[in-house]
Amino acid sequence: MENKMNIIPLFFLFMIILLALYLESSSLESLHNTEPFLIGQESVNDAEQTMAETKEQTNSSEEFELDERLINKEVIDGYLVETYREYEIYKDQSGKVTKVIPTSNYNYIRYKIYN
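Cut-offs applied
- Residues numbered from 1 in each chain as written.
- Predicted model: local features only at pLDDT ≥ 70, side-chain atom pairs only at ≥ 80, totals over all residues.
- Heavy atoms only, no water.
- Salt bridge = Lys/Arg side-chain N within 4 Å of Asp/Glu carboxyl O.
- Helix = DSSP H or I, 4+ residues; strand = E, 2+ residues; numbered from the N terminus.
- Buried < 20%, exposed > 50% of the residue type's maximum accessible area, 1.4 Å probe, protein only.

Peer 1: Account for the pattern of salt bridges, with residues named and values stated.
Peer 2: A full pass over the atoms with the stated rule returns three salt bridges. A salt bridge links lysine 91 to glutamate 65, with the nearest nitrogen and oxygen atoms 3.8 Å apart. Remark: glutamate 65 occurs in strand E1 (residues 63–76) and lysine 91 occurs in strand E2 (residues 79–91); sequence separation between them is 26 residues. You can call lysine 91 partly exposed: its relative accessible area is 23%. The partner of aspartate 67 in a salt bridge is arginine 69, and the shortest N-O contact between them spans 3.4 Å. Exposure remark for aspartate 67: the relative accessible area of 30% places this residue in the partly exposed category. Classification of arginine 69 as partly exposed rests on a relative accessible area of 34%.

Just distances and angles here, no functional claims.
If you want it as structure tokens, here you go:
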């Protein structure tokens, strides 16, 4: 009778662990197999294909590179703050710049001013 009393809690503990492992594996599986999708938004795979096609079209006639340029310097609260903006620079096959398009990406660098 004493052996039976020791085995029952171990059996229930083993069952709880198995249930927890099953739920954990299924929840992780569902997290990795789904992608967020909003109404009116194209899926990630469609966007990647479109980007690849755009890059192929751009690479055939022009080269594309990103460049950051200093657009502003100002002193704010004892710091010199430099503002850089990212630009898309397109060049033709001979290396001549054909167009420069500003992006919406900015970088800010602060330097402490010691007096």
